[in-house]
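Descriptive structure summary
The residues making up each chain are set out below.
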Amino acid sequence: QSRAIRLLGRPFDGSIDLKSIYLYSAEIGNPDFPNLNFAKKIRLSLVDPDGKIIPIADSAPIPRDLATITLIPAGRPDIVRMFQQQKLDLLLEVDNTLVSDQGVMLIGNFEFAYTY
């Protein structure tokens, strides 16, 4: 499990009145390993201001020897509230085969579509 809190900039700086927003695409990669063979499944969620976890994407079972994987959006949950805050709270969970003293860095590229 990994949690990251990122500042939101333009256009989500308070000057836009969002009507809807959803995850358009999400790709997870691994610069430290040649593949994602250690991972069984990956889930991406947002944490709302009240601490509630909102799942927004997950992977199917991960095929062998892939260096990156595209996650499947989990429908279109209402996440407007998260983008009305100054920071976005992301949670990435990986079902994996690593032992507890091993670590790995994953990098995500996330694109959101919105209407205002």
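Residues numbered from 1 in each chain as written. Predicted model: local features only at pLDDT ≥ 70, side-chain atom pairs only at ≥ 80, totals over all residues. Heavy atoms only, no water.

Spatial ordering of the open sheet is given by 5-2-8, a layout of 3 strands whose pairing is antiparallel. Whereas interior strands pair on both sides, the edge strands pair on one side only; in this sheet they are strand 5 (68-70) and strand 8 (107-115). Averaged over neighbouring strand pairs, the angle between their axes works out to 20 degrees when direction is ignored. As paired strands, strand 2 (residues 20-29) and strand 8 are joined by 9 bridges and run antiparallel to one another. Within the sheet, the bridge partner assigned to Glu27 lies in strand 8 and is Asn109. (Pairing = 2+ DSSP bridges. Helix = DSSP H or I, 4+ residues; strand = E, 2+ residues; numbered from the N terminus. Axes fitted to C-alpha atoms, helices over the stretch in contact; angles between N-to-C directions.)

Turning our eyes to something else, we now look at unusual backbone geometry. With a phi close to 70 degrees, Asp65 is a non-glycine residue in the positive phi region. Mapping Asp65 onto the fold places it in the loop between strand 4 (53-58) and strand 5.

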